[in-house]
Amino acid sequence: MQQEASPTPHLRVLQDRGHTVLELRGEVDIAAAMEIIPHLDRVTAHPGVRLVVDLSRVEFFDCSGLRLLYRARGRVLDQGGELLLVCTHPLTLRVLKVTGLARLLPPMPTLDAALGRPEAASGSV
């Protein structure tokens, strides 16, 4: 695993097993989302991007976080890539299930689970 950068306190960008991993951290609210969007857009602008959004270090996740995930999914699909999601926090999982996003991006329990099971690649074209 290679760490690229921590461009904001709410985001760390890593390279792992051929995937770009966006590790979101802390409280993902509108302020954090505004910091994360430019980095998300840069990563998802490339054809065939293989992206993992890791929410395992997120303590708070609101509709701004949902918009980030929908934005990432749309941009990745437009580029013919794949998007995987890691999430274990009970409240965040509930938000994902209630909104239906968990059906589009089934959350994996760990980064290793997401990257170790290519057949689980949700959101891929």
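Calculation criteria
- Residues numbered from 1 in each chain as written.
- Predicted model: local features only at pLDDT ≥ 70, side-chain atom pairs only at ≥ 80, totals over all residues.
- Heavy atoms only, no water.
- Pairing = 2+ DSSP bridges.
- Helix = DSSP H or I, 4+ residues; strand = E, 2+ residues; numbered from the N terminus.
- Right-handed = clockwise from strand over helix to strand, strands pointing away.
- Buried < 20%, exposed > 50% of the residue type's maximum accessible area, 1.4 Å probe, protein only.
- Arc of directions from axis to C-beta.
- Contact = heavy atoms within 4.5 Å.
- pLDDT = per-residue confidence, 0-100.
- Salt bridge = Lys/Arg side-chain N within 4 Å of Asp/Glu carboxyl O.
- Core = buried A, V, L, I, M, F, W, Y, C linked by side-chain atoms within 4.5 Å.

Draft legend 1. Region of interest: the pairing of strand E4 (residues 50-61). Relative to E4, strand E3 (residues 19-28) runs parallel, the two sharing eight bridges. Within E4, the position partnered with Leu 22 by the bridge is Val 53. Considered for its hand, the β-α-β crossover made up of E3, helix H1 (residues 30-43) and E4 is right-handed. The sheet contact formed by E4 and strand E5 (residues 82-86) spans five bridges and is parallel. In the sheet register, Arg 50 faces E5, and the bridge partner there is Glu 82. As for the winding sense of the linkage, the β-α-β connection from E4 through helix H2 (residues 63-78) to E5 is right-handed.

Draft legend 2. Structural detail: the pairing of strand E2 (residues 11-16). With five of its six residues buried, E2 lies for the most part within the structure. Pairing between E2 and E3: six bridges, direction antiparallel. For Leu 11, the partnering residue across the bridge sits in E3 and is Leu 24. Taking the residues between adjacent antiparallel strands as the criterion, E2 and E3 are bridged by two residues, where Arg 17 takes a positive phi near 50 degrees.

Draft legend 3. Highlighting helix H3 (residues 90-99). Of all the positions in H3, only Thr 92, Leu 93 and Leu 96 are classed as buried. Taken end-on, H3 shows its buried residues confined to a sector of 100 degrees, consistent with a single buried face. Away from its buried face by more than 90 degrees, H3 exposes Pro 90, Leu 91, Arg 94, Lys 97 and Val 98. Buried residues belonging to H3 abut E4, H2, E5, helix H4 (101-104) and strand E6 (107-108).

Draft legend 4. The arrangement of the confidence of the model for the protein in detail. For the protein, per-residue confidence averages 90 on the pLDDT scale, and 88% of positions sit at 70 or higher. Across the protein, E5 holds the top mean pLDDT of 97, while strand E1 (residues 2-8) sits lowest at 66.

Draft legend 5. Looking closely at the pattern of salt bridges. Overall, the coordinates contain eight salt bridges when judged by the stated rule. A salt bridge links Arg 17 to Asp 112, with the nearest nitrogen and oxygen atoms 2.5 Å apart. With Arg 17 in the loop between E2 and E3 and Asp 112 in helix H5 (residues 111-116), the pair connects residues that are 95 residues apart, well separated along the chain. Classification of Arg 17 as partly exposed rests on a relative accessible area of 44%.

Draft legend 6. Spatial organisation of the nonpolar core. Ranked by internal contacts, the top residues of the largest apolar core, which has 29 residues, are Leu 24, Leu 51, Val 53, Leu 55, Phe 61, Leu 69 and Leu 96. Aside from chain neighbours lying at most four places away, what touches Leu 51 is His 19, Thr 20, Leu 22, Val 43, Thr 44, Ala 72, Val 76, Glu 82, Leu 83 and Leu 84. Within the second largest apolar cluster, ten residues are counted, among which are Leu 14, Val 86, Ala 114 and Leu 115.

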